[in-house]
Amino acid sequence: MIRLLFFAHLGEQIGEREVMWPHVPETVKKLKDEVEERYGVSLGRVMTAVNEEYVRDEAPLHAGDTVAFIPPVSGG
């Protein structure tokens, strides 16, 4: 099991800021694909952090990881 955190508008779109994911996909990319399919959101431009470190889509995942999805934000 892994813990997913959704920041900014992603949490609003999904309806939750935190979700416990029941299984562990091999990579961040596979997890993104599963999340997009389940919730109908786009994670193409989203930054991903695993255990508080930014990672690429090829990064492996392990049981107990915390994965944060951080969309681009703008402000002034």
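Everything here concerns the structure above.
Criteria and thresholds
- Residues numbered from 1 in each chain as written.
- Predicted model: local features only at pLDDT ≥ 70, side-chain atom pairs only at ≥ 80, totals over all residues.
- Heavy atoms only, no water.
- Helix = DSSP H or I, 4+ residues; strand = E, 2+ residues; numbered from the N terminus.
- Polar contact = N/O pair within 3.5 Å; in protein donor to acceptor, adjacent residues only side chain to side chain.
- Buried < 20%, exposed > 50% of the residue type's maximum accessible area, 1.4 Å probe, protein only.
- Pairing = 2+ DSSP bridges.
- Contact = heavy atoms within 4.5 Å.
- Phe/Tyr/Trp six-rings, centres within 6.5 Å; stacked < 30°, edge-to-face > 60°.

> Hey, could you run me through the side chain of T27 in this one?
Structurally, the position occupied by T27 is in the loop between β2 (18-21) and α2 (28-39). Polar side-chain contacts of T27 include one of 3.2 Å to the backbone nitrogen of K30.

> Explanation requested: the pairing of β2 in the structure shown.
Every regular strand shows the same layout, with side chains that alternate between the two sheet faces. Only one face of β2 is covered, namely the one carrying V19 and W21; the face carrying E18 and M20 has none of its residues buried. When strand β1 (residues 2-6) meets β2, the two strands line up antiparallel, connected through 4 bridges. Bridge pairing in β2 links R3 to M20.

> What am I meant to see in the side chain of T48 here?
Tracing the backbone shows T48 in strand β3 (residues 47-50). Every residue in contact with T48, bar those within four places of it in the chain, is listed here: V28, K32, E53, Y54, V55, V67, A68 and F69.

> How should the environment of V73 be read in this particular structure?
Along the polypeptide, V73 turns up in the segment after β5 (66-70). We classify V73 as exposed; its relative accessible area is 67%. Along the chain, V73 and V46 lie 27 residues apart, while their C-alpha atoms are 10.0 Å from each other.

> What's the story with unusual backbone geometry in this structure? I'm lost.
The bulk of non-glycine residues show a negative phi, and the bulk of peptide bonds are trans. Positive phi, normally seen in glycine, also occurs at A8, with a value near 55°. Within the element layout of this structure, A8 appears in the loop between β1 and α1 (9-14). In the Ramachandran plot, N51 falls in the positive-phi region, its phi being about 50° despite a non-glycine side chain. Under the relative-accessibility criterion, N51 is labelled partly exposed at 40%.

> Hey, could you run me through the environment of V55 in this one?
Note that V55 resides in strand β4 (residues 53-55). It is 11 Å that separates the C-alpha atoms of V55 and F69, two residues lying 14 residues apart in sequence. Dropping the residues within four chain positions of it, V55 is found in contact with V28, T48, A49 and V50.

> Would you mind showing me how to read the packing of aromatic side chains here?
Two numbers describe a pair of aromatic rings. These are the distance of the centres and the angle of the planes. According to the stated counting rule, one finds 3 aromatic pairs in the structure shown. Geometrically, the ring pair formed by F6 and Y39 is edge-to-face, given 6.3 Å between the ring centres and 70° between the ring planes. Of this pair, F6 sits in strand β1 while Y39 sits in helix α2, and the two are 33 residues apart along the sequence. Note on F6: relative accessible area 1%, which makes it buried. Their ring planes at 45° and their centres at 6.5 Å tell us that W21 and Y39 sit as a pair that is tilted.

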